[in-house]
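# Summary of structural features
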Amino acid sequence: VLIVDDDEMVRQTLHRQLTRAGFEAVLAANGEDAVLTAQARGRELTAFLIDVTMPGLSGPDVFLRLRSL
């Protein structure tokens, strides 16, 4: 699961909860990092949790870029 959020506390909380539930979670602090991470990891990522409002690329913009990969 790729977690994309500009709030460190939110990222860490989601990471902790997903890890406890047995998922492997990868963190990205912004949209640009999310796209780079997805490009590097390819099909290894099967789910995404994306903040809607972030500086730079918004959540919907990130989703569209990830979808095109």
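What this report covers is the structure whose coordinates are included nearby. As the structure is a computational prediction, the values presented were derived from the model and not from experiment.

Soluble, globular proteins show a tendency: their nonpolar side chains are buried together. Ranked by size, the top nonpolar core spans 12 residues in total: L2, V4, V26, A28, A34, V35, A38, L45, M54, L57, V62 and L66. Counting residues per element, this core draws most heavily on helix α2 (residues 31–41), which supplies three residues. If we ignore the near neighbours within four places in the chain, the residues touching A34 are L2, V4, A28, V62 and L66.

As a further point, take the packing of α2 against helix α3 (residues 59–68). With their axes 10 Å apart at the nearest point, α2 and α3 run at an angle of 15° to one another. The angle between α2 and α3 falls in the class roughly parallel. Of the two possible hands of crossing, α2 and α3 adopt the one that is right-handed. Across from G31, A34, V35 and A38 in α2, the residues of α3 making contact are V62, R65 and L66. Grouping the constituent residues of the contact of α2 with α3 by class yields five nonpolar, one polar and one charged.

What counts, and at which threshold
- Residues numbered from 1 in each chain as written.
- Predicted model: local features only at pLDDT ≥ 70, side-chain atom pairs only at ≥ 80, totals over all residues.
- Heavy atoms only, no water.
- Core = buried A, V, L, I, M, F, W, Y, C linked by side-chain atoms within 4.5 Å.
- Buried < 20%, exposed > 50% of the residue type's maximum accessible area, 1.4 Å probe, protein only.
- Helix = DSSP H or I, 4+ residues; strand = E, 2+ residues; numbered from the N terminus.
- Contact = heavy atoms within 4.5 Å.
- Axes fitted to C-alpha atoms, helices over the stretch in contact; angles between N-to-C directions.
- Parallel < 35°, antiparallel > 145°, perpendicular 65-115°, else oblique.
- Left-handed = near helix turned anticlockwise from the far one by under 90°.
- Nonpolar A, V, L, I, M, F, W, Y, C, P; charged D, E, K, R; others polar.

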